[in-house]
Amino acid sequence: MHSQSSTVIYHPKYRTWWPKHDCVICGSKAIGVNFGAPTCAPCKAFFRRNARRKDLLQTPCPFQEATSTNSSNKDEATNYCSQVRYCSSCRLRRCFGMGMKEELVRTNEENERYRQLVETNRRRRKQLLRPDGSENQLTISQPTVSQSDLLHETEWMHISNIVSIYDTQCLKHYIERRLNSLNNLPQVPNDADVKINYHATTTVNKMTSFILFLSAIPTVKSLPKSDRIFLCKHNIRPLILLNAHELDQLCYSEPWQLSYDNIASEYVCGTSLFPDLQSTRKRAEQILITDPIVTRLWLLILFFSSPLHCYVDYTLPEISANRRSAIMEIQNSYTALLWNYLVHRHGDVDAIRIFSNLNGVYLRMQRISQAVNRQIRTRDDLSSLHEAFNRAVMIESDTK
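Quick summary incoming for the structure in this document. (Residues numbered from 1 in each chain as written. Predicted model: local features only at pLDDT ≥ 70, side-chain atom pairs only at ≥ 80, totals over all residues. Heavy atoms only, no water.)

## A few points about the packing of helix α7 (residues 192-215) against helix α15 (residues 383-392)
(1) Moving on: Put simply, α7 and α15 touch, their axes get as near as 10 Å, and they point 10 degrees apart. The angle between α7 and α15 falls in the class roughly parallel. Where α7 crosses over α15, the handedness of that crossing is right-handed. Across the interface between the two elements, Ile196, His199, Ala200, Thr203, Val204, Met207, Thr208 and Ile211 from α7 touch Ser384, Leu385, Ala388, Phe389 and Ala392 from α15.
(2) Moving on: The residue makeup of the contact of α7 with α15, split by class, is nine nonpolar, four polar and no charged. (Axes fitted to C-alpha atoms, helices over the stretch in contact; angles between N-to-C directions. Helix = DSSP H or I, 4+ residues; strand = E, 2+ residues; numbered from the N terminus. Parallel < 35°, antiparallel > 145°, perpendicular 65-115°, else oblique. Left-handed = near helix turned anticlockwise from the far one by under 90°. Contact = heavy atoms within 4.5 Å. Nonpolar A, V, L, I, M, F, W, Y, C, P; charged D, E, K, R; others polar.)

What follows is the structure in structure tokens.
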């Protein structure tokens, strides 16, 4: 057995320790070695889709001029800019530069063979689940496969739709608005009004992006208007931190952008509450799994919850007990879908651990969210922020 150095990256399928946590493409949390380099899930998917698009490498970078003028050295900046999440050309160039290999991406023929293999295995699992009607034939006992451990094709389609809707609605809208808001910023947000306006702009962007995602989900669209208003009024603001965590995992931020966010957040939260907010964010990065399916299903489960506010507000709308029961049935269906996916993907033990982490992190986020919202509701200088948040929690079609 040959010795391994401490820098070796172990393949994630063996579930051993993972010493290197940063994606070499965008700097976010890596999920494993994908196509030859440690990357996050979004960069893995990006390379799989675009590895053979050589024309993309010739696309001019919209940030290259700004990068070349702001950077004194010409080594790495001339190859790709720092905005790799926003520039597909530079992102693909960086993927190749960091050792990702095109030949490791399956071709269409290989995908077809893989689908045939999956279909064969699916038929074998169905045979294991089918009871044997013969009584006289001696059979060898085989391990029982529980039906709940298998994801049906309709469940995979539902999961795929949720992930796709989040990317095309929430993420796309957030990135476009974020780029526009960052183009007109002062050098340092020292003024109190500038800090409040910046925090309002960034947070409302996250809220409206999340609402676009919800408004495209079939189960949300099928609800009566009164139910949608009830859920949005009660549960959008308590989910700001969790949705912000998902967006931060997908979008790269420059150090100066993080500094802007921290300065504005510290002013809104106050010096006593801001360290708790930072600690909660860091804790979420450490223990939440980097899997977009898990996070987005969890967001839907919480959205269909009973009111997430930790205080009584008689100005918020109410619905009947029968409508609450109908909403809970939808929530139960998403909870079952998440649990089946976790068991299918990670097994029983890891599914329990991941689900417990989701609950623990959100309860901590909820406590911080309650404290932050108390500040926004009670401080006179933050009244405009409170009004902006209240206006942003509605689906556009429900305001007409």
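## Re the packing of aromatic side chains
(1) Moving on: Tallied over the entire structure, the rule returns 10 aromatic pairs.
(2) Moving on: Between Trp156 and Tyr341, the ring centres sit 6.2 Å apart and the planes meet at 85 degrees, which makes this aromatic pair edge-to-face. Placement of the pair is Trp156 in helix α6 (residues 153-182) and Tyr341 in helix α14 (residues 321-378), with a sequence separation of 185 residues.
(3) Moving on: Judged by its relative accessible area of 32%, Trp156 is partly exposed.
(4) Moving on: Here the aromatic residues Phe35, Phe47 and Phe96 are joined through ring pairs into a cluster of three or more.
(5) Moving on: Geometry around Phe46 places Arg91 over its ring, the cationic atom sitting 4.6 Å from the centre.
(6) Moving on: Here Arg379 stacks its cationic end above the ring of Tyr267, 5.3 Å away from the centre of that ring. (Phe/Tyr/Trp six-rings, centres within 6.5 Å; stacked < 30°, edge-to-face > 60°. Buried < 20%, exposed > 50% of the residue type's maximum accessible area, 1.4 Å probe, protein only. Lys NZ or Arg CZ within 6 Å of the ring centre and 35° of its normal.)

## Structural notes on the nonpolar core
(1) Moving on: Judged by nonpolar contacts, the single largest core of 76 residues is most densely connected at Phe213, Ile236, Phe303, Phe304 and Tyr334.
(2) Moving on: Looking at this core element by element, the count peaks at 18 residues for α14.
(3) Moving on: Not counting chain neighbours up to four residues away, the residues in contact with Ile236 comprise Met207, Phe210, Ile211, Leu214, Leu231, Phe303 and Val393.
(4) Moving on: Formed by 17 residues, the second largest nonpolar core is a distinct cluster that contains Val24, Ile25, Leu92 and Met100. (Core = buried A, V, L, I, M, F, W, Y, C linked by side-chain atoms within 4.5 Å.)

## Quick look at the pattern of salt bridges
(1) Moving on: In total, this model carries eight salt bridges according to the counting rule given.
(2) Moving on: With a shortest N-O distance of 2.6 Å, Arg323 and Asp227 are connected by a salt bridge. Separated by 96 residues along the polypeptide, Arg323 in helix α14 and Asp227 in helix α9 (residues 225-235) bring together distant segments of the chain.
(3) Moving on: Exposure remark for Arg323: the relative accessible area of 28% places this residue in the partly exposed category.
(4) Moving on: Owing to a relative accessible area of 0%, Asp227 belongs among the buried residues under this scheme.
(5) Moving on: Asp381 is the salt-bridge partner of Arg379, the closest N and O atoms lying 3.0 Å from each other.
(6) Moving on: Bridged by salt links that share partners, the residues Arg52, Lys54 and Glu102 form one connected network. (Salt bridge = Lys/Arg side-chain N within 4 Å of Asp/Glu carboxyl O.)

Note that all results are geometric; they support no functional claim without further evidence.
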